[in-house]
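Topology and contacts: notes
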There are 2 protein chains.
Amino acid sequence: MAEQPPPPKRWKKLGARLVAHTRIFDVLSVDFHHPARTQPQDFFVIQPPDWVNVVALTPERHLVLVRQFRYGIDDFSVEIPGGVMEPGEDPIATAVRELREETGYVGTSARLLGSVHPNPAIQTNRCHLVLVENARPEAGLDWDPDEEFEIMTRPVDEVYQLAYAGSITHAMVLDALLLFTPVWAKLQANSRANGPV
Amino acid sequence: MAEQPPPPKRWKKLGARLVAHTRIFDVLSVDFHHPARTQPQDFFVIQPPDWVNVVALTPERHLVLVRQFRYGIDDFSVEIPGGVMEPGEDPIATAVRELREETGYVGTSARLLGSVHPNPAIQTNRCHLVLVENARPEAGLDWDPDEEFEIMTRPVDEVYQLAYAGSITHAMVLDALLLFTPVWAKLQANSRANGPV
């Protein structure tokens, strides 16, 4: 069969109602109206602020990792640094701040690798993935009251192997590694062209 | 500075209280107790069933994509097929079912690429990423009442370019592409060794 149905229609967003308010996200009931239907329908939507995760590359071509206890999965998780965008911040500012606060690492440049939707189906926000280069442990730690991290660095290729092997499971951390792939290939090609760093 | 703080402690999970119940997830308030503190603290946690996304490879080495309207972001999104695990299903069964229902594609084999945590910080569930090979459009479509898809296929390399360019933004779809990377490299190497397919 080679059936191709008509293209999907855009639902029109009508009103929204707050179902639950928490410190880190709101839950809304949002009414959407399909153009071919008589009645609107409600869908539940999670509304957090935007988030940022940081690929921090050291001069030795390692990535900065943090291991921390995560309440959602009730277990430890190995991740790259990251956090919530504060009002007035752009993703680069959040990345530089979170990297410094969580790990003490400070880089010489920062740029956006890309932005993803943590869950387009039920969640409104985006997660921005930022590359910081020449990251060195130069600042003091500045953790929030509920934060504790083990800070480590690993060679880039080893981090990809941890991801493939299932030892890094945080969806947005894996996204950062995917979007870093072509950048890392280019950095390696430049190194080869210019000789050892 | 080379400060290395003591390793992060495991918080002990105490009771949980239902804050909101929706058709697709619950919101819980969960009490956790840090071993060095006198008082427990509550954290909000989203509890959905596990999810599955499907990397469906056609005999022509294309991937099956779906474009659909997503209520969370109030916009269209290009993704790989996927859905919610039903009670009693394993990830492979869900993958095969969702691929068939959403797109009509049926493969000859299916295997797990890996499992990720959509958000270890605030969410309990996992998303399983499954590879289906030799996927062909052989079945009729079987959409849920609120589903409409545009079904398409694109060469694997083009799908990675869509991801790098920001045209695919769904976090777990990008995870699937990351975990498919080493498998795809091996499939290509095998093809080269065996001549054209």
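Residues numbered from 1 in each chain as written. Chains lettered and ligands numbered in written order. Predicted model: local features only at pLDDT ≥ 70, side-chain atom pairs only at ≥ 80, totals over all residues.

1. With respect to helix α2 (residues 156–164) of chain B
Residues and elements named next belong to chain B. Here α2 has its buried residues at Val 159, Tyr 160 and Ala 163. Buried positions in α2, seen along its axis, are confined to an arc of 100° and lie on one side of it. Within two residues after α2, Gly 166 carries a phi angle of roughly 85°, on the positive side. (Buried ≥ 20, exposed ≤ 12 C-beta atoms within 10 Å, placed from the backbone. Helix = DSSP H or I, 4+ residues; strand = E, 2+ residues; numbered from the N terminus. Arc of directions from axis to C-beta.)

2. Brief notes about the interface of chain B and chain A
Where interface size is given, it is often the accessible area lost as the parts come together that is meant. Of the residues lining the interface, 67 residues belong to chain B; the matching set on chain A comes to 67 residues. For the side of chain B that touches chain A, the secondary structure elements donating two or more residues are β1 (12–21), β2 (26–33), β3 (41–47), β5 (62–70), β9 (109–116), β12 (150–155), α2 and α3 (171–194) of chain B. Looking at the side of chain B that touches chain A element by element, the count peaks at eight residues for α3(B). (Contact = placed C-beta atoms within 7 Å.)

3. Some words on the relation of the copies chain B and chain A
Its rotation angle being 180°, the transformation that places chain B on chain A also includes 0.0 Å of axial translation and leaves an RMSD of 0.0 Å. What the superposition gives is, in effect, a two-fold axis relating one chain to the other. In this assembly, 100% of the residues forming the interface of chain B have copies in chain A that are likewise at the interface, indicating an isologous arrangement. (Least-squares fit on C-alpha atoms with pLDDT ≥ 70 in both.)

4. As for the domain arrangement of chain A
Domain assignment breaks chain A into domain 1 (12–47) and domain 2 (51–192). Computed from C-alpha atoms alone, the centre-to-centre distance between domain 1 of chain A and domain 2 of chain A is 31 Å. (Domains from an automatic or database assignment.)

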